[in-house]
Amino acid sequence: MSKQDDKDKRTTRLHADDTAIRKQVKIARAHGIEIKEPHKLVKHHVLDCGNPKCIMCASPRKIYKEPTMQEKSFEQTKTWADE
């Protein structure tokens, strides 16, 4: 690869990181959350507490025993085959 290609990839990556940080900071401000280190928000969402048992962060399938979209689709196609 040429040096210009390397520069383009790096600037694209840095721009994507900056955009992700700006979006998460905007969400934090809307919810009144104080951000001390915004650079940590590149790979971590503001409203995700990280607790898998938290109702807001956990999978609805595990909390409410709801089937996923794929399982619902499978059940629907299964009834077609029975008819």
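This structure is a prediction, so every number in the text was calculated from the model and none was measured.

Conventions adopted
Residues numbered from 1 in each chain as written. Predicted model: local features only at pLDDT ≥ 70, side-chain atom pairs only at ≥ 80, totals over all residues. Heavy atoms only, no water. Helix = DSSP H or I, 4+ residues; strand = E, 2+ residues; numbered from the N terminus. Rg over C-alpha atoms; globule rule 2.2 N^0.38 Å. Core = buried A, V, L, I, M, F, W, Y, C linked by side-chain atoms within 4.5 Å. Buried < 20%, exposed > 50% of the residue type's maximum accessible area, 1.4 Å probe, protein only. Contact = heavy atoms within 4.5 Å. Salt bridge = Lys/Arg side-chain N within 4 Å of Asp/Glu carboxyl O. pLDDT = per-residue confidence, 0-100. Polar contact = N/O pair within 3.5 Å; in protein donor to acceptor, adjacent residues only side chain to side chain. Patch = residues over 30% accessible without salt bridge, like charges linked within 9 Å, V, L, I, M, F, W, Y side chains within 5 Å. Areas by Shrake-Rupley, 256 points an atom, 1.4 Å probe, with all protein chains shown as cover.

A. Representation of the overall build of the protein chain within the structure. Within the protein chain, the secondary structure is distributed over three helices and zero strands. Of the regular secondary structure in the protein chain, the N- to C-terminal order runs α-α-α. Relative to the globule expectation of 12 Å for 83 residues, the C-alpha radius of gyration of the protein chain, 21 Å, shows a markedly less compact shape. The principal-axis extent of the C-alpha atoms belonging to the protein chain is close to 60 × 40 × 20 Å.

B. Region of interest: the nonpolar core. The biggest cluster of nonpolar side chains holds five residues, and these are Ile 21, Val 25, Ala 28, Leu 41 and Val 46. The residues touching Ala 28, leaving out its near neighbours within four places in the chain, are Ile 33, Ile 35 and Val 46.

C. The pattern of salt bridges, seen in detail. Scanning the model with the defined rule gives one salt bridge in all. Glu 37 is the salt-bridge partner of Lys 40, the closest N and O atoms lying 2.9 Å from each other. We classify Lys 40 as exposed; its relative accessible area is 53%. Look at Glu 37 and you get partly exposed, because its relative accessible area is 38%.

D. Highlighting the confidence of the model for the protein chain. Residues with a pLDDT of 70 or more make up 96% of the protein chain, whose mean pLDDT is 87. The lowest-confidence element of the protein chain is helix H2 (residues 60–63), averaging 78 in pLDDT; the highest-confidence one is helix H1 (residues 3–30), averaging 94.

E. Summary view of the environment of Thr 77. Mapped onto the elements of the fold, Thr 77 is located in helix H3 (residues 69–82). Since its relative accessible area comes to 34%, Thr 77 is described here as partly exposed. For the pair Thr 77 and His 45, spaced 32 residues apart in the sequence, the C-alpha separation amounts to 36 Å. There is a polar contact of 2.9 Å between the side chain of Thr 77 and the backbone oxygen of Phe 74.

F. Broad picture of a nonpolar patch on the surface. A grouping of Ile 27, Ile 33 and Leu 47 is seen on the molecular surface, where their side chains present a nonpolar patch of about 230 Å² in accessible area. Inspection of the secondary structure puts Ile 33 in the loop between H1 and H2. Judged by its relative accessible area of 35%, Ile 33 is partly exposed.

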